[in-house]
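Analysis of the macromolecular model
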Amino acid sequence: MPPLVYGSLIAFICFITAVVLANHDNIPGMWLALFGVFAAIILTAYLQRKRESTFAKNQFNELENLLKNTPDFKSDHKFLSPVADSLIAIDETNEKVLLIENKHVNAMHFSKTTSKYDYLHKVFSFEDILQVEMLEDGVTVNKTSTSSQIGRAALGGLIGGGVGAIIGGLSGESVSSQKIRKAQLRVVVNNKEKSFYTITFIHFEQPQSKDNQFYKPLNDRLIHCFNLLTHILKKDAKENPVQTGVADELTKLAALYKDNLLTQVEYESQKKKLLS
């Protein structure tokens, strides 16, 4: 039984006992029972906190084990979400990126009763990283992508929603609020099954001022990860150049196919002409 349940039950019994004793003019007994109420509340809060802490530790260990057990992957940079819902790691030697994300969106984190954790994880080569965005409370504040990656996305068959998510320019910025609840990194990848992963770097229960002492170190980690991925995108674009005109045409072609304006035969035929 969760501590919150049996703690509340004990507190309720003590309270009823205090009322009964008061009605029988047993004042010392009443105060003793009221003391039991407060003791039950304090003990319940402690045990509940300890339970959540143990659960959180187990989730972080699971993320670490997923990273540790990933074959042919040596982590040079690692970023874990503070709520254990995601992880990103970069292997510079083998030019790979590991992305892990919880399948479930939890209203409450580290609650053994209501929280669910089931991780999706996949390793991508540098060239399969197509775009990276910094988000503050769902609003894009910075974004990096290149035409060459968009071209390869169309070439690789990223049609089911991925190309549409990439179109929109090389970078974009918007004015952010002075308060923040959540800051995330969205990584778009060349994968039809799941075209993007979202990594949480900042998660406050309530909106907090950016003067908050915890904001800056967490935000610095987010910026550092964004810069690393931006470097990967720009480096890969130089090593694997694709003509911008061809890349744009491939993107438009993929969009037409996605909207069912082209059959698969027509799409493959036009793509072959563009690449010849």
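Quick notes on the rules
Residues numbered from 1 in each chain as written. Predicted model: local features only at pLDDT ≥ 70, side-chain atom pairs only at ≥ 80, totals over all residues. Heavy atoms only, no water. Pairing = 2+ DSSP bridges. Helix = DSSP H or I, 4+ residues; strand = E, 2+ residues; numbered from the N terminus. Axes fitted to C-alpha atoms, helices over the stretch in contact; angles between N-to-C directions. Phe/Tyr/Trp six-rings, centres within 6.5 Å; stacked < 30°, edge-to-face > 60°. Buried < 20%, exposed > 50% of the residue type's maximum accessible area, 1.4 Å probe, protein only. Lys NZ or Arg CZ within 6 Å of the ring centre and 35° of its normal.

Pairing is antiparallel in the open sheet, where four strands are placed in the order β6-β5-β7-β8. Strands with a single pairing partner mark the edges of an open sheet, and in this sheet they are β6 (139-145) and β8 (196-209). Shown here is a sheet whose adjacent strand axes are inclined to one another by a mean of 10 degrees, direction ignored. The pairing of strand β7 (residues 179-189) with β8 spans nine bridges and is classified as antiparallel. Following the sheet pairing, Arg186 is matched in β8 by Thr198.

Below, the discussion takes up the sheet that holds strand β1 (residues 77-80). Hydrogen bonding along the main chain pairs the strands of a sheet, whether they run parallel or antiparallel. Spatial strand order, β1-β2-β3-β4: four strands in an open sheet with antiparallel pairing. Looking at strand neighbours, the two that pair on one side only are β1 and β4 (119-125), the edges of this open sheet. Neighbouring strand axes in the sheet, compared pairwise and without regard to direction, differ in orientation by 10 degrees on average. Across seven bridges, strand β3 (residues 96-102) lies against β4 in antiparallel orientation. Among the inter-strand pairings, Glu101 is bridged to a residue of β4, identified as Leu120.

In this description, a pair of aromatic rings is defined by centroid distance and the angle of the planes. Applying the stated criterion across every chain, the model contains six aromatic pairs. Considering the side-chain rings of Phe60 and Phe110, the 6.0 Å spacing of their centres and the 50 degrees angle between planes classify their relative orientation as tilted. A residue pair is termed long-range when its members are at least 10 positions apart, and Phe60 in helix α2 (residues 27-68) and Phe110 in the loop between β3 and β4 qualify at 50 residues. Look at Phe110 and you get buried, because its relative accessible area is 14%. Linked through ring pairs, Phe55, Phe60, Phe110, Tyr117 and Tyr119 together constitute an aromatic cluster. Sitting over the ring of Phe196, Arg186 keeps its end group 5.2 Å from the ring centre. It is Lys194 that lies over the ring of Phe196; its NZ or CZ is 5.5 Å from the centre.

Fair warning: the whole summary comes from geometry, so function is off the table for now.
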